[in-house]
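The lines below spell out each chain.
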Amino acid sequence: MATVNVVTLGCSKNLVDSERVLKMLSDAGFDAVHESGDRSDIVVINTCGFIGDAKEESINTIMEFVSAKSQGKLKEIYVMGCLSERYRHELQAEIPEVDKFYGKFDWISLASDLVRQHIKHSGIERTLTTPSHHAYLKISEGCNRHCAFCAIPIITGRHKSRTIEEIECEVRLLVERGVREFNVIAQDLSGYGLDLYGTQKLPELIERLASISGVKWLRLHYAYPAQFPHELLAVMRKHDNVCSYLDIALQHISDSVLRNMKRHIDARETRSLLAEIRREVPDIHIRTTLMVGFPGETDEDFEELMEFVREQRFERMGAFAYCEEENTFAALNYEDDIPQDVKQSRLDRLMALQEEISAEIQHEKIGSVLEVVIDREEEDFYIGRTQWDSPEVDPEVLVHKDKTLVVGEFYKIEITEALPFELIGRIKESDLVL
C-alpha cells in the first residue's frame, strides 16, 4: 500500500487527532508515518489556525508540499485541521493543487476517503507519536468562553466533553501498552463535564484516572480561572500520581483589561484563586500564559502586570503580544491601537523579568533530589523531566551519564547545577522509582 506522511502543526490537541488518523490508515494497510522526511506517496497536513504566525506556518507548509507535488515527489495532498475548518472555501479557491480539504473534525472522513470505504473509529484507538512512556489525553474539544481575543470557539464550536467511561477505557488501554505519564489536555479543563452531566466533573475524572493501576503521572493543562473547579485541589493533594502542576492561562491582571478581554474574573478573584491553589497544593508549579498589547492596555496596566508577575513568581510562564483575529469580539469592536514596537517592548520586558524569576526558582532546586523520567539519550547527557515539567514547553533535566539509564524509567536525580530553563544533575540511587 501507499506511504502516507501525516504532518502535524499546532498544539497537542491536533497531535491526538493525527494519531487517530495514523492508526486508522495503518489498520487499513497503509504505511502511515508521522512527519517523515522520507519520500511518501501521500501527505496529510493537520493545520493550525489559532493566530497569525500559526496560519502563516500552515500555509507555508502546504505550499512546500505543493511544490514537491509539482516536481513529482508525491502524488496527493490532503489538508485537515483548524485552518482548514475556518477557511476551507478560500483555501480550495487559492490552492487547487491540494486534492481535498477537510475540517478539524473530519478526520474519519479523510481516512475513509483514502481507504475508499467507510471507517468506524472507537474514539480511543491511535498510534502514539510521543515516546512510548507518555501520551496526551484529550478529554474534551471546543470552548464556550468566547474571550474577546480568541478564535478557538469560532473554529471548534461549543465545548464537548468525552464521557468519563471512554476516557478511563483509553487510559487503561494505553497503560497496557506501557504509557505511564498522561498529559491531560483540553481547551477548557474547568468546564469538563458540564455539557454531559450538568456539573463540573474534572475532580471526579482525575480521581478515577489516578486510581488506575500503572498511572505514574497525571498532569493538567489549560484550566480556566473563572468558575474553577475548586474540589480538584483536594484530589491533587490526595493522589501522589497527580502532578503538582497546573497550566492555567490568566492573560492579565488589570481589571480594565480583563473586563475588555471578557475573562469573567477580576484581579481580586485571580489573586484569591492563586492563593488557594498554593495553599491547598503547597509544592505546586503553576504555568500560565499572559498577553501584552491588548487594545486599550495603558502603560499603567502593563506596569500592574509586571508587578503581578514579580509578586506571584510563576514557576512557568509564557507570554505573547496581542494579534487581531478576524471575527473575534475584539476585532469587531476594538481598535488595535497599540503600536507593534510597543507590544514587542512590553513582551521583551515581561519575558526578561520571568527569566530572572525562573533562574532564581531553578537555583533553589540545587541540592535537592527529584524524581525524573528519562525521555531520551544524547551524546553527553540523558534528558529527562520532573513532575513539574510538561514535554516540549517546560525545562528539562540534563543527567550526567555516570550510569546507564533506561529511557522511559523514573530515577532519583540529585540536582547539582541550575540554568534559567534547565537543571543538571546525576543519578542519586541506582534503583528505579516505581
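Residue numbers here run from 1 along each chain, matching the order of that chain's written sequence. Given that this is a predicted model, residues contribute local features only at a pLDDT of at least 70 and side-chain atom pairs are listed and counted only at 80 or more, while totals for whole chains, interfaces and linings are drawn from all residues. Where side-chain values are given, they derive from all heavy atoms of the structure, hydrogens and water being excluded.

1. Comments concerning unusual backbone geometry
Our working rule: By the criteria applied, helices consist of DSSP H or I runs no shorter than four residues and strands consist of E runs no shorter than two, each listed in order from the N terminus.
The backbone of Gln227 sits at a positive phi, close to 55°, despite the residue not being glycine. Even without being a glycine, Lys262 presents a positive backbone phi close to 60°. Tracing the chain through its elements places Lys262 in the loop between α10 (255–261) and α11 (267–280).

2. Observations regarding the packing of helix α2 (residues 52–70) against helix α3 (residues 82–94)
How two helices sit against one another is set out by the angle between their axes and by the gap between those axes. Spelled out, the test is: Comment: axis = line fitted to C-alpha atoms, over the contacting stretch for helices; angle = value between 0 and 180 degrees taken between N-to-C directions. Any angle between 65 and 115 degrees counts as roughly perpendicular, while under 35 counts as roughly parallel, over 145 as roughly antiparallel, and the rest as oblique. In this scheme the crossing of two helices becomes right-handed for a clockwise turn of the near helix relative to the far one and left-handed for an anticlockwise turn of less than a right angle. Contact definition: two residues touch when any of their heavy atoms are within 4.5 Å. Any residue outside Ala, Val, Leu, Ile, Met, Phe, Trp, Tyr, Cys, Pro, Asp, Glu, Lys and Arg is labelled polar, Gly included; the first ten of those are nonpolar and the last four are charged.
It is at 12 Å that the axes of α2 and α3 come closest, and there the two elements cross at 55°. Accordingly, the angle class assigned to the pair α2 and α3 is oblique. The handedness of the crossing between α2 and α3 is right-handed. Contact with α2, carried on its side by Lys55, Ser58 and Ile59, involves Leu83, Arg86, Tyr87 and Leu91 of α3 and no other residues of that element. When grouped by side-chain class, the residues that make up the contact of α2 with α3 number 4 nonpolar, 1 polar and 2 charged.

3. A look at the sheet that holds strand β4 (residues 76–81)
To be explicit about the condition: Pairing between two strands is assigned when DSSP locates at least 2 bridges connecting them.
Spatially, β2-β1-β3-β4-β5 is the arrangement adopted by the 5 strands of the open sheet, whose pairing is parallel. Each having just a single partner strand, β2 (31–34) and β5 (100–101) make up the two edges of the open sheet. Bridge analysis of strand β1 (residues 3–8) against β2 gives 4 bridges, and the strand direction is parallel. Bridge pairing in β2 links Asn5 to Val33. The sheet contacts of α3 involve β3 (42–47), β4 and β5, and relative to β4 the element is tilted by about 130°. Along the sheet, helix α4 (residues 107–115) makes contact with β3, β4 and β5, crossing β4 at roughly 165°.

4. Notes on the packing of aromatic side chains
For any two aromatic rings, the description comes down to two numbers: the centre-to-centre distance and the angle of the planes. Selection criterion: Note on ring pairs: Phe, Tyr and Trp rings are taken, using the six-membered ring of Trp, and paired if centres are within 6.5 Å. Classes follow the plane angle, with under 30 degrees stacked, over 60 edge-to-face and the rest tilted. Summary of the burial criterion: residues with accessible area below 20% of their type's maximum are buried, those above 50% are exposed, and those between are partly exposed, where the area comes from a 1.4 Å probe applied to protein chains only. Comment: the charge-over-ring label is applied if NZ (Lys) or CZ (Arg) is within 6 Å of the ring centre and within 35 degrees of the ring normal.
Following the criterion strictly, the structure yields 7 aromatic pairs and no others. Between Phe294 and Tyr322, the ring centres sit 5.2 Å apart and the planes meet at 75°, which makes this aromatic pair edge-to-face. Taken together, the positions of Phe294 in the loop between β12 (285–292) and α12 (299–312) and Tyr322 in the loop between β13 (316–321) and α13 (329–333) put the pair 28 residues apart, joining distant regions of the chain. Neither residue differs from the other here; Phe294 and Tyr322 are each classed as buried. Ring plane angle 65° and centroid distance 5.6 Å describe the contact between Phe308 and Phe314, whose orientation is recorded as edge-to-face. Take Phe308 and Phe314: they sit in the same class, and that class is buried. Between Lys262 and the ring centre of Phe329, over which it is positioned, the NZ or CZ distance is 4.3 Å. In this arrangement the basic side chain of Lys401 is found over the ring face of Tyr382, its NZ or CZ atom lying 5.5 Å from the centre.

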